Each structure stands twice: as structure tokens, then as C-alpha cells.
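Tertiary structure, described
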Amino acid sequence: MTAIKGAGVFVTGGSRGIGKMLVEELYARGAGKVYATARDPRTVTHPDAVPLALEVTDPASVAAAAEQAQDVTILINNAGASVRASYLNSPMEDVRRDLETNFYGPLLVTRAFVPVIERNGGGHILNAHSALSWLADGTPYGASKAALWSQTNSLRLELQPRGIAVTGLHMAYVDTDMTSGVDAPKADPRDIALAALDGIEAGAHEVLADDTTRWVKSQLSADLEAMYAQLAK
């Protein structure tokens, strides 16, 4: 279990969507200091947050941000991107972009903050995944989240002896800018943020934040036709 009250917390992608709600709810739970990052820190609007510039794919940017946040005990890797690239038709740089942001980005940030959290007596890391960690959507976005799920599972084992717990947060569509063009039911980003922080405080290994996500994971041991009805035709 990890206490949020009084903690120093670092939130990537903290200026909008789920990240913005995380910052608000962290302060509501008594966090001591919340670093909220964005490519443009001027977009961070919470009056108590410490805005920091961060590009998660840039090692120099990650190192600079970590140097300014040496009192952190909780890291939330929330920042992500979806290029909506096609495996067969898009330029390869577009295919790689989701992996760079959603897989390598969190790893760069985690590598920078593990020594910080360890020096501060241990703590917690939460990685934002997706129901698409387990369900192909035809784009590299799902592949990037599946890869991040595997990364999270490995880091959980490696960091446990060092006093750092790791939680994977999984969710389906959420009502954010990223899904503005999607016509489907969407969760409230505040509900996702609340579930994420509940998971941190409870020491949960995984948080399945909505019914769709819980259903998708429940089908992993079933035949593929359970999730991909078109294969049964």
C-alpha cells in the first residue's frame, strides 16, 4: 500500500484529459506536491501544481525534468499518443511513433525516476495501459499498449525488492481529446483517475477501470472468435 497524502507525485501528460483529473484528485487526497508535465507547461492550469516541460521520447528532456523533481515517491506514466497508423499503408515513422511514445517513453521516465524513488525510501509507479493491450484494433497503438503491459509486468518483478510497487491501469474509451472522433460509449476521465489512485493506495497490481476492459481481459483464455467475431465467418 502506498500513501498519497503528503507524497511527491510526478504525472506525465498532466495538463488535460485523465492527467488533468489525476492532478486534481491527487491534491484532493492530500498529495504534498504534484509535478504536472506537458510539452508546453503553460497548459497546466491547476494552481498548486508544479508545471514542467517534458517530451517523453527525448532522453535529455526526461533527465532535465527528473533533476527538478528529486522529492518524488510516486510516478504516474500517463502521457500517450495515437497516430492511427496503418500497418501496411502508413510510413514506417508513423508506425514507430506510437511505440516511441507509449512504450519507450514510459521506460525512459521510469529509468530516470527509479533511483529517485529508491533514494526517497521507496514508492509506486503506475503505467496507463488500455483495453487494447489485449484487443487488436488494427493499429500500432494496440501493439504499443500490449508491449507496455509486458514491460509493466517485468518491472513489477524487478522493482519489488527495491521497495517500489508497480500498477498497470487499463481502460477502454475515455472522453478525452484523443477519442474526440470516436462514436462509442466513453468513461469519464475523473472516474478513471479515481480508480487509478484507489489502485495506488490499495497496492493493486492491476486496475481494470471499466466493464469493457474487464470483459476483454476475461476473454483472453477463450477462442479468438470470442473477441474477433469476423474470424468465425
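Residues numbered from 1 in each chain as written. Predicted model: local features only at pLDDT ≥ 70, side-chain atom pairs only at ≥ 80, totals over all residues. Heavy atoms only, no water.

Side note on the sheet that holds strand β4 (residues 74-77)
The strand order β3-β2-β1-β4-β5-β6-β7 describes an open sheet built from 7 strands, whose pairing is parallel. At either end of the open sheet lies a strand with only one pairing partner, and these are β3 (50-53) and β7 (206-208). Ignoring strand direction, the axes of neighbouring strands in this sheet form an average angle of 15 degrees. With 6 bridges joining them, strand β5 (residues 123-128) and strand β6 (residues 164-170) adopt parallel strand pairing. Looking across to β6, one finds that His124 is bridged to Ala165. (Pairing = 2+ DSSP bridges. Helix = DSSP H or I, 4+ residues; strand = E, 2+ residues; numbered from the N terminus. Axes fitted to C-alpha atoms, helices over the stretch in contact; angles between N-to-C directions.)

Describing the packing of helix α1 (residues 17-28) against helix α5 (residues 189-202)
For the pair α1 and α5, the least separation of the axes is 8 Å and the interaxial angle reads 55 degrees. By the angle between their directions, the pair α1 and α5 is classed as oblique. As α1 runs across α5, the sense of the crossing is right-handed. Along the contact surface, α1 presents Gly17, Ile18, Met21, Leu22, Glu24, Glu25 and Leu26, while α5 presents Pro189, Arg190, Ile192, Ala193, Leu194, Ala196 and Leu197. (Parallel < 35°, antiparallel > 145°, perpendicular 65-115°, else oblique. Left-handed = near helix turned anticlockwise from the far one by under 90°. Contact = heavy atoms within 4.5 Å.)

Quick look at the pattern of salt bridges
Following the criterion strictly, the structure yields 12 salt bridges and no others. As a salt-bridge pair, Asp211 and Arg214 come within 2.6 Å of each other at their nearest N and O atoms. Here Arg214 and Asp211 lie together in helix α6 (residues 211-218), a separation of 3 residues that amounts to about one turn. Within this structure, Glu24, Glu25 and Arg190 form a network of salt bridges that share partners. (Salt bridge = Lys/Arg side-chain N within 4 Å of Asp/Glu carboxyl O.)

A closer look at α1
In this model, α1 (12 residues) spans 17 Å end to end at C-alpha, consistent with the 16 Å of a helix rising 1.5 Å per residue. Of the residues making up α1, those classed as buried are Ile18, Gly19, Met21, Leu22, Val23, Glu25, Leu26 and Tyr27. In the stretch just after α1, Gly30 is the one whose phi turns positive, near 90 degrees. (Expected span 1.5 Å × (residues − 1). Buried < 20%, exposed > 50% of the residue type's maximum accessible area, 1.4 Å probe, protein only.)

Quick word on the nonpolar core
Counting 30 residues, the largest nonpolar core has Val9, Val11, Leu22, Leu26, Val34 and Ile76 as its most contacted members. Counting only elements with at least two residues in this core, the list comes to β1 (8-11), α1, β2 (33-38), β4, β5 and α5. Top element by residues in this core is α1. It accounts for 6 residues. Beyond its immediate sequence surroundings of up to four residues, Val11 is in contact with Gly19, Leu22, Val23, Leu26, Val34, Tyr35, Ala36, Thr37 and Ile76. Counting residues in each nonpolar core, the second largest holds 21 residues, with Val56, Val114, Val116 and Ile125 among its members. (Core = buried A, V, L, I, M, F, W, Y, C linked by side-chain atoms within 4.5 Å.)

Regarding the packing of aromatic side chains
Applying the stated criterion across every chain yields a total of 4 aromatic pairs. Geometrically, the ring pair formed by Phe103 and Tyr104 is edge-to-face, given 4.9 Å between the ring centres and 80 degrees between the ring planes. Among the residues examined, Phe103 registers a relative accessible area of 17% and is labelled buried. The class of Tyr104 is partly exposed, set by a relative accessible area of 41%. With a centroid separation of 5.5 Å and an interplanar angle of 85 degrees, the aromatic rings of Trp134 and Trp149 are classed as edge-to-face. One end of the pair, Trp134, is in the loop between β5 and α4 (140-159); the other, Trp149, is in helix α4, and 15 residues separate them in sequence. A residue is classified by how much of its surface remains accessible, and Trp149, at 23% relative accessible area, is partly exposed. Among the aromatic residues, those joined into a cluster by ring pairs are Phe10, Tyr35 and Phe113. (Phe/Tyr/Trp six-rings, centres within 6.5 Å; stacked < 30°, edge-to-face > 60°.)

Section: the packing of helix α2 (residues 59-67) against helix α3 (residues 92-119)
With their axes 10 Å apart at the nearest point, α2 and α3 run at an angle of 35 degrees to one another. Crossing of α2 over α3 shows right-handed handedness. Mapping the contact onto sequence places Pro59, Val62 and Ala66 in α2 and Leu108, Val109, Ala112 and Phe113 in α3.

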